[in-house]
Amino acid sequence: MYDVTTKWKYNVFGMKKVPRIVVVGAGIAGIGAASELRDAGFSDVTILEATGEIGGRIGKYQLGKAWIDTGAQYIHGTSETNPVYCLSKKFGILDNVPKEEGRWSILSEKGSRVDEDFAERVYGAGEMLIRKRYQDHQRSIGEHFVEEVQKLTANWEASTEEKRLMDGILSMVGKDLLIDTGASDLKSVSLGSWKYFHADTDGDLNIEGNMFDLPSKLLKEFPDESLLLKKPVRKIEWDGSFRTGNGEQHPVRVEFGDEEEILADHVVVTISLGCLKAQASTLFSPQLPEHKLQAIDCVRFGTLTKIFLVYEEAFWDDDVSEISLLWEDESPVSLDADPAQWVKHLHFFSVMKPKEKFGNVLIGWCAGRVGELTETMKEEDLLAAITEHLRAFTRNPSLPPPKSMFRTQWYSNPFTRGAYTYLPVGTDAEVMDTLALPLSGTKATKPDLQLLFAGEATMKSLYSTVQGGLLSGQREAQRLAQHYGKVASPASHCSLSPQHQGEPLQPQTVL
């Protein structure tokens, strides 16, 4: 058995056992929960992390002389109400982010450059159609977008040539949304996906090569001995009565690593939705109740693959920060990340900046089934296809291939199984409230919160974002603080208004 020294404390009521809390997963949700629990005065908190690194889907990799973000690299919403933005400022993470944004370069497969002002106007109009907070979760974004695009193009005053380009530009809007959701087909994504989202999540800040610093900054004060790496959890037995060698009793037993176990009073489960989908029926004993299993099944977990291409020399101008490849014969009607047409969905590349730090590096982005495909392709085949693709759009048959490449593999990673959550047609985001509900023992006379759940998939107002993951972990820490009559510190130690401190705590029932 894992040796955790029993801790005791005295209070005005006499001697009382300190609750033992285990956090499963050292992603941003787990880190948020564990650090908030320590700040609230809980002294017996252990994190079990399956891999050898903290951060979860905030990952890093050394590419040449610089570290890159393999996972999250955008802050969604640049205001003091966003804890990730606030903490990044506090820790100096934003100090190294370039202040100036570069320009957008759009290349057509016909070999021409598309006028950027025109493209931005059309793109902005298309984004307005697709990003509204619609209430209808029974319709798809794809179906709605096609209808609205037809109205938009019919009423747009433009030349014949511009009309031809409009469909291609609006198709890029749709394909970019597939990247944002991780889905393969907009017809599978709910139109009501963002109806609960906070209004101030608009506006993205790219902090590439800096996001991975956030997890370590947040865990700086957390005891090293209480963070156990390379300890995948095999089984969580709850609703039981387990005794330590000295007779101390706990309702939960967590089996992990190589025949190791730890007994606990509370377990905060922060593994990804992808892992929950794969393990929900085997990880827990007794099995999770039906309402929890249904919630896990209802919500979808998308795929996003980032392909880092390192060039000896840049073939793009120094002031370019984004490159889009436009197919003039493409229409939003046909948007589907079909693996057979995968190269058409490798349409967006971002330029890593500053050049002095990263060199000449492009990031290619692809989602859904295309992302899954590019994770498994032979590297030489992938590089050859991308090089031929770029040669065709730049009209430069001698464009050199990248000197090296690195691609992420979040879908095939057994400890993530994807990138982030999206809502399918027919599912209301309220189901995420069910995902977030804690479970208590059946023998308890009042809620004892044996299993708690955190992660971006449990935040209907901020799912698929880093701040959603962070706040969900803090929410569960505050739930436990409330359970024990403790005063939890303000979420993220930032000046956040109550509506940004996570979802409200639900009344508890014994399940």
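Residues numbered from 1 in each chain as written. Predicted model: local features only at pLDDT ≥ 70, side-chain atom pairs only at ≥ 80, totals over all residues. Heavy atoms only, no water.

In this section: helix H5 (residues 160–181). Between the first and last C-alpha of H5 there are 33 Å, a value that for 22 residues agrees with the 32 Å anticipated at 1.5 Å per step. In the segment just after H5, Gly-182 is the residue with positive phi, at about 80 degrees. (Helix = DSSP H or I, 4+ residues; strand = E, 2+ residues; numbered from the N terminus. Expected span 1.5 Å × (residues − 1).)

With respect to the element layout, Ser-140 can be found in the loop between helix H3 (116–130) and helix H4 (141–155). When residues no more than four places from it in sequence are discounted, the contact partners of Ser-140 are Leu-186, Lys-187, Val-189, Leu-191 and Val-425. (Contact = heavy atoms within 4.5 Å.)

This part is about the confidence of the model for the protein. In this model, the protein carries a mean pLDDT of 91, and residues with pLDDT of at least 70 account for 91%. Considering only residues more than four positions removed or in separate chains, one finds that residues 495–502, a stretch of pLDDT under 50, has 18 contacts. The low-confidence segment residues 506–511 (pLDDT under 50) makes 20 contacts with residues lying over four places distant or belonging to another chain. (pLDDT = per-residue confidence, 0-100.)

To continue, consider helix H2 (residues 83–90). Among the 8 residues that make up H2, 6 are buried, leaving the element largely enclosed by the rest of the structure. Listed as buried for H2 are Pro-83, Val-84, Tyr-85, Cys-86, Leu-87 and Ser-88. Among the structural elements, strand E7 (74–76), strand E9 (204–206), helix H6 (213–218) and helix H13 (466–483) are those in contact with the buried residues of H2. Where H2 starts, the residue carrying a side-chain oxygen 2.9 Å from the main-chain nitrogen of Val-84 turns out to be Asn-82. Gly-92 sits one or two positions beyond H2 and adopts a positive phi of about 80 degrees. (Buried < 20%, exposed > 50% of the residue type's maximum accessible area, 1.4 Å probe, protein only. Polar contact = N/O pair within 3.5 Å; in protein donor to acceptor, adjacent residues only side chain to side chain.)

Here the bond from Ser-285 into Pro-286 is cis, since omega is 0 degrees, no more than 30 degrees from zero. As for its position among the elements, Pro-286 is in the loop between strand E17 (284–285) and helix H8 (290–298). The omega angle of the peptide bond from Lys-353 to Pro-354 is 5 degrees, so this bond is cis rather than trans. Here Pro-354 is to be found in the loop between strand E21 (348–351) and helix H9 (355–358). Although it is not a glycine, Arg-395 sits at a positive phi angle of roughly 55 degrees. Of note, Arg-395 is situated in the loop between helix H11 (379–394) and strand E23 (404–407). You will see that Leu-449, though not glycine, has its phi angle at about 50 degrees, which is positive. Its relative accessible area of 2% is what places Leu-449 among the buried residues.

A separate point is the packing of helix H7 (residues 273–283) against H8. For the pair H7 and H8, the least separation of the axes is 9 Å and the interaxial angle reads 130 degrees. On the basis of the axis angle, H7 is oblique to H8. Considering how the two elements wind past one another, H7 and H8 form a crossing that is left-handed. Contacts between H7 and H8 involve Leu-273, Leu-276, Lys-277 and Ala-280 from the former and Leu-293, Ile-296 and Asp-297 from the latter. Of the residues contributing to the contact of H7 with H8, the split by class is 5 nonpolar, no polar and 2 charged. (Axes fitted to C-alpha atoms, helices over the stretch in contact; angles between N-to-C directions. Parallel < 35°, antiparallel > 145°, perpendicular 65-115°, else oblique. Left-handed = near helix turned anticlockwise from the far one by under 90°. Nonpolar A, V, L, I, M, F, W, Y, C, P; charged D, E, K, R; others polar.)

Turning our attention to empty space enclosed by the protein. Going through the model one piece at a time under the given rule, you end up with 6 cavities of 30 Å³ or more. When its volume is computed, the largest cavity comes out at roughly 90 Å³. If you trace the largest cavity, you find 14 residues lining it, with Ile-271, Leu-276, Ala-454, Ala-457 and Thr-458 closest to the centre. For the lining of the largest cavity, the residue count by class is 8 nonpolar, 4 polar and 2 charged. (1 Å grid on protein atoms, 1.4 Å probe; cavity = no way out; pocket = protein on both sides within 12 Å on 5 of 7 lines; lining within 4 Å. Points joined across faces, edges and corners; volume = space filled by probe spheres on them.)

This structure, assessed with the given rule, holds 21 salt bridges. Its salt-bridge partner being Glu-116, residue Arg-103 comes within 2.5 Å of it at the nearest N-O pair. Placement of Arg-103 in strand E8 (residues 103–108) and of Glu-116 in helix H3 is noted, with a sequence separation of 13 residues between them. Among the salt bridges present, the one from Arg-139 reaches Glu-143, with a minimum N-O distance of 3.5 Å. Given a relative accessible area of 37%, Glu-143 falls into the partly exposed group. Bridged by salt links that share partners, the residues Arg-103, Glu-116, Asp-317 and Asp-319 form one connected network. (Salt bridge = Lys/Arg side-chain N within 4 Å of Asp/Glu carboxyl O.)

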